Amino acid sequence: MQTPVDMELDLIGLDSPLPMLKTIEKLEELLPGQILSVKTSSLGSEQNIRNVINHHPVKLLSVQKEGGVFHFLIQKETALVAE
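Keep in mind that what you see is a predicted model, and the values were worked out from it rather than measured.

### Some remarks on unusual backbone geometry
Then step 1. At the junction of Ser16 and Pro17, the peptide bond is cis and its omega measures out at 10° in the coordinates.
Then step 2. Of note, Pro17 is situated in the loop between β1 (7-11) and α1 (18-29).

And the structure:
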């Protein structure tokens with residue numbers, strides 16, 4: 001079963017650090033719980049996007065590499081509600 005995606009970002013052909021910067025911009029537009037699909041072919045993108053994931057309130061759902069293209073599924077974390 002495929003995960004439903006709320007926004008797709010095709011960054012194939014862009015050089016680093018543009019894929020990372022554009023991913024950050026799109027993540028800021030997402031609502032909590034929404035999912036972003038990112039495709040990139042930049043060699044540095046795998047590590048750069050993993051760094052974004054480690055430093056932002058998001059969760060990496062999956063990462064795959066097919067034919068030199070990285071496919072990331074990233075979910076924006078739901079905000080914690082203080083009681």
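Still more to cover.
### What about the pattern of salt bridges?
Then step 1. As enumerated under the stated definition, the model contains 2 salt bridges in all.
Then step 2. A salt bridge links Glu29 to Lys26; the shortest N-O distance between them is 3.5 Å. Taken as a pair, Glu29 and Lys26 lie in helix α1 at a separation of 3 residues, close to a single helical turn.
Then step 3. The salt bridge partner of Arg50 is Glu46, with a shortest N-O separation of 3.6 Å.

### Overview of the nonpolar core
Then step 1. Core analysis: the largest hydrophobic core is formed by 14 residues, its most contacted members being Leu27, Leu36, Val38, Ile49, Phe72 and Ile74.
Then step 2. Dropping the residues within four chain positions of it, Val38 is found in contact with Leu9, Leu11, Thr23, Ile49, Phe70, His71, Phe72 and Ile74.

### Describing the environment of Phe70
Then step 1. You can see Phe70 is positioned in strand β4 (residues 69-76).
Then step 2. When the C-alpha positions of Phe70 and Leu14 are compared, they lie 12 Å apart, and in sequence the two are 56 residues distant.
Then step 3. The residues touching Phe70, leaving out its near neighbours within four places in the chain, are Val38, Lys39, Thr40, Ser42, Glu46, Gln64 and Lys65.

### Let's talk about α1
Then step 1. Compared with an ideal rise of 1.5 Å per residue, which puts 12 residues at 16 Å, α1 spans 17 Å between its outermost C-alpha atoms and is within 8% of the ideal.
Then step 2. Among the residues of α1, Pro19, Thr23, Ile24 and Leu27 are the ones counted as buried. One side of α1 holds all its buried residues, which, seen down the axis, span an arc of 135°.

Cut-offs used in this document
Residues numbered from 1 in each chain as written. Predicted model: local features only at pLDDT ≥ 70, side-chain atom pairs only at ≥ 80, totals over all residues. Heavy atoms only, no water. Helix = DSSP H or I, 4+ residues; strand = E, 2+ residues; numbered from the N terminus. Salt bridge = Lys/Arg side-chain N within 4 Å of Asp/Glu carboxyl O. Core = buried A, V, L, I, M, F, W, Y, C linked by side-chain atoms within 4.5 Å. Buried < 20%, exposed > 50% of the residue type's maximum accessible area, 1.4 Å probe, protein only. Contact = heavy atoms within 4.5 Å. Expected span 1.5 Å × (residues − 1). Arc of directions from axis to C-beta.

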